[in-house]
Structure formats: C-alpha cells, structure tokens
Amino acid sequence: MTVSNPNLKPQHVAMDQFPVQDGELLVGGQRLSALAARVGSTPFFAYDRSLLRRRAAELKAAMPAGVKLHYAMKANPMPALVQTMVGLVDGIDVASAGELKVALDAGADPAEVSFAGPGKRDTELRQAVAAGVLVNVESLRELPVLAEASQALGLPARVAVRVNPDFELKGSGMKMGGGAKQFGVDVDVVPGLLAQVASLGLAFEGFHLFAGSQNLRADSICEAQQKSYALALQLAESAPGPVKFLNLGGGFGIPYFPGEQRLDLAPISANLHAIAERARAEMPAASLVIELGRYLVGEAGIYVTRIVDRKVSRGQVFLIGDGGLHHQLAASGNFGQVVRKNYPVAISKADAGTARESASLVGPLCTPLDLLADRMELAVADVGDLAVVFQSGAYGPSASPSAFLGHPAAVEVLV
Ligand SMILES: *Cc1c(COP(=O)(O)O)cnc(C)c1O
C-alpha cells in the first residue's frame, strides 16, 4: 500500500455553488432527497435557476456596456433552460435548424440569434433567412444558397463571415481555430468571399471568430480576443459595408479536474474594456459579442444517480449507480479528453457522518468505460444513497450516447 499525504495531491475546487445542509446538497433551495422524490426517478440532471442568474449577472457586471453576451445553446439545449437564458443574455447562438427552433420557441429575438456551423444544409440556410437570423457563413458554397433564398423569400440574408483565424486559443481543451480546420473560412479566402457577398447583394453584418473552448487561462483568452479584434479590423478593409457585429468568440472554461481553479474574470474584463474603447473609434457601428456555452450553464447543473449496488473487488470499493456514460459521457472521460481524470463527485446523504473511504462510482453499462469516479475519497455510501456529479450543466444528455445499452433516457429538471 502506498502512503500519500492527501494534502499534497491536487484537489478539486470547492463546489460551493451548492450549499450543503446536514450532509445533503441543496439544489434550487431544496434538499436533494426531496428533489429526487419530486422528480420520481433516478438518474436525473438538475439545473439551478438561481445559479444561472448569478453567473449571467456576474458576467454582465464585468463586461463593458455595449458588449453583448450570447449563449451558445449547444452546451445545453433543454427548452426550459434556453427559455431562462433568453431572459438573461442578449442573444442566442445556434448550430442547427433544430436548435434554431428551440431558440425561437423560447422567445429569442431573431435579430439577436446567430447561426454557425460547418455543413449547413440548404434547407437550414433557407430556414435561417426566413427567420431573419444572422448566418455566420463558413463556406463559399453557402453564398449562392443564401442569395437564392433571399430572392425567393424577398428577405435579405443577414450574413457575417466566420473566419478561421491564423492563431489558436492557447491552452484550450478544444481548439477550433488556427491551422487546417473545417470551421470558418481561412483568412486569405475572406476578401474574395466578401466580394461575392457584395455582388450577390447579401446584407453584410460582420465577423465571427471562435478560436477555442474550455480555457482557464485569462491571459490566453485576452490574447485571443486582442488578436481577433486586430484581425477583424484588418479584414474590415475588404468588407462591403460597415461592421455592425463582431463576435470575438468565447472559450471561457470551468474547473472540472483536480488542481484547476475558476477563471479570473478581472483581466478579461479589463481587456474587453480596452477593446471596446478602441472599437468605439475604429469600428463605430459594431456591437461586440462574446459567446459562451459551458461558462454560463456548466456549474449550475448536477447529474444525480442512485446507488443500486455496492461491491468490493480485490479490496477496491465499487458503488454501482443507475446512471453513467450514456447520460454523462464527458464525466466518464470519453468526450475528447486525452487523459481520464475525475470530475468532482460527492455522496449526498442526510447525517452522512464523517466516515470516508476510497471508492469508485460506476454506471450500469457493460463496459469498463462506464466510470464516473475512479478511486475517489467519498463519504461512505450504500445502496439507496444518492451520488452527485458536479459541473454537469453543459454537454450532458445532449452530448451522450443515450441509446447505448437500452437504459431509459435521463430526466432533466430546472429548479
Ligand atoms: C461549441 C461552441 C461554443 C461554446 O463553447 P463552450 O466551451 O461551451 O463555451 C461557442 N461558439 C462556438 C462557435 C462553438 O462551436
């Protein structure tokens, strides 16, 4: 047996967004056991409205007036949650006609909806023009389709150009710019594309730059924002009209793994104030936009499973829950991670006492990949207790293989 000082191991940042009362988590002010009874079955995802509000309010307070906050709804497309977000942010970013429908149903103002994504089908582009939303063009192929839809509908297609920047967001969990990418249009192709936008009579509105995702380094985010702004300013010289819309991307991350800290908004706020100041002089018609997914919703959600079995195999404790990777793929380590690490996990039980043990939380699927916590220090738990996976408000059910092994879909509640 190895002896190690737990104080020397990197720890998860405290999940103190959810208060704990007598060993139980409070979600939306409600004890988790009562919420589970209200939901009626496990596993489920619960999203806390007050945390959504708090996060949006913190961001708005940090950002200069005039910088718009958009919600990238692919992070969590639950209709009730999107409806809540519509009331909290300035606009919604969609990535398919399916998401467009949810956003419009939720009451989003089409003037403040933008549609990005590679491989937009002709029908999706026509739907976007009919809805009057902004299309972030990612390919020359989209232009004639948009022009035809404009003609047929008598509505000018509103377009921005999504640029594949010649830099990347350093230290990102997922890079979506720099080098060869299926996203956006390479910088050197943009001037030619802008000429076509003009000749086809499309309504040019601006640029969209998105360099990466899940970043916890404020300096990297600031650098990418500065480079994005400078690139847009340069490309604006070839634009057929004034830039009205400049989406500087997002990439704000949340802490998932031991040793990670929450992002420091202060330097990002200062940087955005400086960019906004410059833009007032250099691009006076432009609204600056920041688009965020997980940062807005990720920390507000938990995934709750009930332990159905407890086994000990060769000295190792396995808590077998009723939920797993088929609902929360990312927490199992199979959603783009290179090295598997544990999400923050806890046992929520009344009068848990102080006894703790090393245990692994697994799911019911017949695959060793169905692992939600690998030998974590947890409160001693037994059959019937609830296990919670934090940081589950983004990329949960909609990003997981729910049909795998034929278990029921996860219930989602907003409380
Ligand atoms: C995925 C995506 C986002 C959201 O990313 P998060 O990491 O959830 O903030 C925003 N914009 C674009 C273009 C995306 O593809």
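Above this text is the structure in question.
Because the structure is a prediction, the values reported are computed rather than measured. (Residues numbered from 1 in each chain as written. Predicted model: local features only at pLDDT ≥ 70, side-chain atom pairs only at ≥ 80, totals over all residues. Heavy atoms only, no water.)

K.L.:
For the overall build of the chain, give the residues involved together with the corresponding values.
P.N.:
From N to C terminus, the chain includes 11 helices and 22 strands. The globule rule puts the C-alpha radius of gyration for 415 residues at 22 Å, and the 23 Å found for the chain is close to it. Dimensions along the principal axes, computed over C-alpha positions, put the chain at roughly 70 × 40 × 35 Å. Taking all 415 residues of the chain together, the buried fraction comes to 54%. Of the contacts made within the chain by residues no fewer than 6 positions apart, 73% connect residues no fewer than 24 positions apart. Accessible surface, the chain: about 17,300 Å² in total, of which carbon and sulfur atoms supply 54%. Between the mean site of the 36 positive side-chain charges and the mean site of the 40 negative ones, the chain shows a separation of 2 Å. (Helix = DSSP H or I, 4+ residues; strand = E, 2+ residues; numbered from the N terminus. Rg over C-alpha atoms; globule rule 2.2 N^0.38 Å. Buried < 20%, exposed > 50% of the residue type's maximum accessible area, 1.4 Å probe, protein only. Contact = heavy atoms within 4.5 Å. Areas by Shrake-Rupley, 256 points an atom, 1.4 Å probe, with all protein chains shown as cover. Lys, Arg positive; Asp, Glu negative; His and termini not counted. Charge placed at Lys NZ, Arg CZ, Asp CG, Glu CD.)

K.L.:
Any chance you could break down the site of the ligand for me, citing the residues and the numbers?
P.N.:
As a matter of local geometry, the ligand sits amid 13 residues, with Lys74, Ser213, Gly293, Arg294 and Tyr395 nearest to it. At 3.0 Å, a side-chain N or O of glutamate 291 approaches a nitrogen atom of the ligand. Here tyrosine 395 contributes a side-chain N or O atom positioned 2.5 Å from an oxygen atom of the ligand. Out of a free accessible area of 390 Å², the ligand has 93% covered by protein chains. (Near = heavy atom within 4 Å. Polar contact = N/O pair within 3.5 Å; in protein donor to acceptor, adjacent residues only side chain to side chain.)

K.L.:
Run through the packing of helix H2 (residues 49-62) against helix H9 (residues 265-282), naming residues and quoting values.
P.N.:
Where H2 contacts H9, the two axes come as close as 9 Å, and the packing angle between them is 45°. Taken as axis vectors, H2 and H9 run oblique relative to one another. For the pair formed by H2 and H9, the contact residues are Glu58, Leu59 and Ala62 on the first element and Leu265, Ser269 and His273 on the second. The residue inventory of the contact of H2 with H9, partitioned by class, reads 3 nonpolar, 2 polar and 1 charged. (Axes fitted to C-alpha atoms, helices over the stretch in contact; angles between N-to-C directions. Parallel < 35°, antiparallel > 145°, perpendicular 65-115°, else oblique. Nonpolar A, V, L, I, M, F, W, Y, C, P; charged D, E, K, R; others polar.)

K.L.:
Talk me through the pairing of strand S15 (residues 287-292); I want residue IDs and the actual numbers.
P.N.:
Within S15, 5 of the 6 residues are buried, which leaves the element mostly enclosed by the surrounding structure. Pairing geometry for strand S5 (residues 67-72) and S15, over 5 bridges, is parallel. What sits directly across from leucine 69, in S15, is isoleucine 290. Note that strand S14 (residues 245-247) and S15 share 3 bridges and pair parallel. Paired with asparagine 247 across the strands is valine 289, a residue of S15. Following the backbone out of S14, through H9 and into the adjacent parallel S15, one traces a crossover that is right-handed. (Pairing = 2+ DSSP bridges. Right-handed = clockwise from strand over helix to strand, strands pointing away.)

That is the geometry; function is a separate question.
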